[in-house]
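Architecture at a glance
Listed below, chain by chain, are the residues.
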Amino acid sequence: MRIDVITLFPGMFTGPLTESILQRAQAEHLLEVHTHDLRTFGHGSYRQVDDRPYGGGAGMLFMVEPVVRAIEFVTEEGEKAGCSSSHRVLFTPRGKRLTQTRVERIAKQHQWIILLCAHYEGVDQRVVDGGWIDEEVSIGDYVLTGGELPAMVLIDAVARQIPGVLGKDESAEEESFSKATNRKREYPHYTRPEEFRGLKVPDVLLSGHHAEIEKWRAKKLL
Ligand code: 6GU
């Protein structure tokens, strides 16, 4: 899977992409992430990318032209690299809530994703109205300073759906919000020791009785 990120802060992605499972997924060429600095597409010697909203009000907006030029540049680059039909996601608090079901749909249906991280009060609506965005996404009902953290959340959640990214000890099948658990939160887990400062592992988990263990776990789903 190829993911292109358009952002004013490409440096924010370095940490999450160079550790742990996302690092390994890229090393094994299961995932390819390219970040692009929106500033490059700005106007004038200041490389301006934002301006005040028509009608007044607080805050600044991304201007339509730098954003569209960035999307067109990234699209051309991906096509030159052999990709086709990107799925373009805009991160904004106005977007649809990112759920595990939406994550799985994106991972299954698209080989190439372009992520646009909005900032300030958002982007000029003509970026959406003009057909340059396929889906607007939010990660929850709280306000962040920009779309970078939401983009990282989506990259992480989508990457672990790519076949081969998780080892067999990290299966994405039977876990919280998966189909196998009816989209519920998983049951609680315990590991050694059997007792810690008087706190014991539930007897049923030590019993070796698989049917009983399954029953206990099903009861514990939230
Ligand atoms: Cl996608 N952007 C911002 N700025 N805040 C958010 C969000 C996105 N999702 C939840 N809060």
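**A few points about the overall build of the protein chain**
- A count of helices and strands for the protein chain gives eight helices and nine strands.
- By principal-axis analysis of the C-alpha atoms, the protein chain measures approximately 70 × 40 × 30 Å.
- A total of 222 residues make up the protein chain; the buried ones form 39% of that total.
- A separation threshold of at least 6 residues defines the contact pool for the protein chain, and within that pool the share at least 24 residues apart is 74%.
- Surface summary for the protein chain: the accessible area is close to 13,500 Å², and the carbon and sulfur share equals 50%.

**Quick word on the sheet that holds strand β2 (residues 32-37)**
- Pairing within the open sheet is parallel, and its five strands lie in the order β2-β1-β6-β5-β7. Looking at which strands have only one partner, the edges of the open sheet turn out to be β2 and β7 (135-138). Direction aside, the axes of adjacent strands within the sheet are offset by 30° on average.
- Where strand β1 (residues 2-7) lies against β2, six bridges are found, and the strand directions are parallel.

**Details of the domain arrangement of the protein chain**
- What the domain assignment reports for the protein chain is domain 1 (2-159) and domain 2 (187-220).
- Just the C-alpha atoms count here: the centres of domain 1 and domain 2 sit 42 Å apart.

**Some remarks on the layout of surface pockets**
- Its boundaries defined by the atoms lining it, the largest pocket holds a volume of some 600 Å³.
- Looking at the largest pocket, it is lined by 22 residues, and the ones nearest its centre are E104, K108, Q161, A172 and E173.
- Along the lines of polarity and charge, the residues of the lining of the largest pocket split into seven nonpolar, eight polar and seven charged.
- In this structure, the second largest pocket spans a volume of roughly 270 Å³.
- For the lining of the second largest pocket, the secondary structure elements donating two or more residues are β5 (87-97) and β7.
- Residue classes in the lining of the second largest pocket are distributed as 10 nonpolar, eight polar and two charged.

**Side note on the site of the ligand**
- In the neighbourhood of the ligand, the contacting residues comprise F91, T92, P93, V137, S138, I139, G140, Y142, L144, G146 and P150.
- S138 places a polar side-chain atom, nitrogen or oxygen, 3.2 Å from a nitrogen atom of the ligand.
- For the ligand, a nitrogen atom lies 3.0 Å from a polar atom in the backbone of I139.
- Notes on the ligand: free accessible area 290 Å², of which the protein chains cover 96%.

**Focus: the nonpolar core**
- Formed by 28 residues in total, the largest nonpolar core has its most connected members in I3 and L115.
- Of all the secondary-structure elements, those providing two or more residues to this core are β1, α2 (20-27), β5, α4 (100-109), β6 (112-117) and α6 (148-159).
- For this core, the leading source of residues is α6, giving seven residues.
- When near neighbours in sequence (up to four residues on either side) are disregarded, I3 contacts L31, E32, V33, H34, I113, L115 and I155.
- In terms of nonpolar packing, the next biggest core, distinct from the first, is built from 20 residues, C83, L116, A118 and V127 among them.

Conventions we followed
- Position numbers for residues start from 1 in each chain and track the written sequence from start to end.
- Predicted model: local features are reported for residues with pLDDT of at least 70 only, side-chain atom pairs are reported and counted for 80 or more only, and whole-chain, interface and lining totals are derived from all residues.
- The side-chain numbers reported here are obtained from all heavy atoms of the structure, hydrogens and water having been left aside.
- Helix and strand labels come from DSSP, where a helix needs a run of H or I of at least four residues and a strand needs a run of E of at least two; each type is numbered from the N terminus.
- A 1.4 Å probe rolled over the protein chains alone gives each residue an accessible area, and that area as a share of the maximum for its type sets the label: buried under 20%, exposed over 50%, partly exposed in between.
- Residue contacts are counted whenever heavy atoms from the two residues lie within 4.5 Å of one another.
- Working definition of accessibility: Shrake-Rupley area with a 1.4 Å probe, residue cover restricted to the visible protein chains.
- For two strands to pair, DSSP has to find at least two bridges joining them.
- Angles here are taken between N-to-C directions and fall from 0 to 180 degrees, while the axes themselves are lines fitted to C-alpha atoms, restricted in helices to the stretch in contact.
- These domain limits were set by an automatic method or by a database of domain assignments.
- Detection works on a 1 Å grid of protein atoms alone, calling trapped sets that fit a 1.4 Å probe cavities and calling open sets with protein on both sides within 12 Å along at least five of seven lines pockets, with lining residues defined by an atom within 4 Å of a point.
- Grid points are joined across faces, edges and corners, and a volume is the space filled by probe spheres set on the points.
- Following the grouping adopted for this structure description, the nonpolar residues are Ala, Val, Leu, Ile, Met, Phe, Trp, Tyr, Cys and Pro, the charged ones are Asp, Glu, Lys and Arg, and the polar ones are all others, Gly among them.
- Residues are classed as near a molecule or strand on a simple rule: at least one heavy atom within 4 Å of it.
- Two N or O atoms form a polar contact when they lie within 3.5 Å of each other; inside protein one atom must be a possible hydrogen donor and the other a possible acceptor, and for residues adjacent in sequence the pair counts only when both atoms belong to side chains.
- Think of a nonpolar core as a cluster: buried Ala, Val, Leu, Ile, Met, Phe, Trp, Tyr and Cys residues, connected wherever their side-chain atoms sit within 4.5 Å.

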